[in-house]
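# Structure at a glance
Now for the letters of each chain:
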Amino acid sequence: MDNRMEIALIYGSDREGRLCDAIADWTAAQLEQHTDYRLRRIDPIDLPEPQQLREQLAQADGFVVVTPEYNHGYPAPLKALIDSAKAEWQAKPVAFVSYGGLSGGTRAVEQLRQVFAELHAVTLRDGVSFISAWEQFDSGGNLREPARAEGSMMRMLGYLHWWLDALRSARQRKPYKKLAGE
Ligand SMILES: Cc1cc2nc3c(=O)[nH]c(=O)nc-3n(C[C@H](O)[C@H](O)[C@H](O)COP(=O)(O)O)c2cc1C
């Protein structure tokens, strides 16, 4: 039986010519170095029908959201994807890989923390952030100077592993339930 934890890698952008592909591919390559994870990509350009999407989110033990920043916020397709499920997010960790201009997408991430709190998901403090992201990747989608981002990713994955493990055990011991009156 495959007892590995499953991570859903969620794409934030559906823009034609998006940088999201390069950043999600880099993120996937980093995650795939860890054999204790199964990875499933969930992409607003290629979403399954709603019931299947919810099933895929339900199967995930945690999420890595790859998000750009658009006008100091997160992209609309990402919000639509998040809003299409509810209990599927609960009591699971969410880590962020963000990108943009000067802020490296961190304003989008801070707003997403509010959204995921409403969904009873646990967002990680540490993430990976690419400032002026388009300058950091070459035309082949490779990072020009990978050391810094790899260091941030290693740190994020250390915490993500702890939360994945802790919350999966907790969910198995006792199903997560909202309190009466909410
Ligand atoms: C309409 C629009 C608004 C943007 N607003 C911001 C912004 O507020 N802050 C920022 O850092 N970058 C901003 N950017 C830059 C994007 O983060 C950057 O173009 C990124 O590559 C977009 O992701 P994508 O290529 O995967 O769609 C904006 C880009 C567009 C097209």
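Described in the following lines is the structure provided in the data block. (Residues numbered from 1 in each chain as written. Predicted model: local features only at pLDDT ≥ 70, side-chain atom pairs only at ≥ 80, totals over all residues. Heavy atoms only, no water.)

### Considering the site of the ligand
- Taken together, 17 residues are adjacent to the ligand, and Ser13, Arg15, Tyr70, Tyr99 and Gly101 come closest.
- For the ligand, an oxygen atom lies 2.8 Å from a polar atom in the backbone of Leu19.
- Within the backbone of Gly101, one N or O atom sits 2.6 Å away from an oxygen atom of the ligand.
- Relative to its unbound accessible area of 620 Å², the ligand is 75% covered by the protein chains.
- Residues of the shell around the ligand, tallied by class, amount to seven nonpolar, six polar and four charged. (Near = heavy atom within 4 Å. Polar contact = N/O pair within 3.5 Å; in protein donor to acceptor, adjacent residues only side chain to side chain. Areas by Shrake-Rupley, 256 points an atom, 1.4 Å probe, with all protein chains shown as cover. Nonpolar A, V, L, I, M, F, W, Y, C, P; charged D, E, K, R; others polar.)

### So, the layout of surface pockets
- As a volume, the largest pocket reaches approximately 250 Å³.
- Together, Val128, Ser129, Phe130, Ile131, Gln136, Arg144, Glu145, Arg148, Ala149 and Ser152 line the largest pocket.
- If you list the elements that add at least two residues to the lining of the largest pocket, you get strand E6 (128-131) and helix H6 (147-173).
- The leading source of residues in the lining of the largest pocket is E6, at four residues.
- Estimates place the volume of the second largest pocket at around 150 Å³.
- Every residue along the wall of the second largest pocket is listed here: Ser13, Arg15, Arg18, Leu19, Cys20, Pro68, Glu69, Tyr70, Tyr99, Gly100 and Trp134. (1 Å grid on protein atoms, 1.4 Å probe; cavity = no way out; pocket = protein on both sides within 12 Å on 5 of 7 lines; lining within 4 Å. Points joined across faces, edges and corners; volume = space filled by probe spheres on them. Helix = DSSP H or I, 4+ residues; strand = E, 2+ residues; numbered from the N terminus.)

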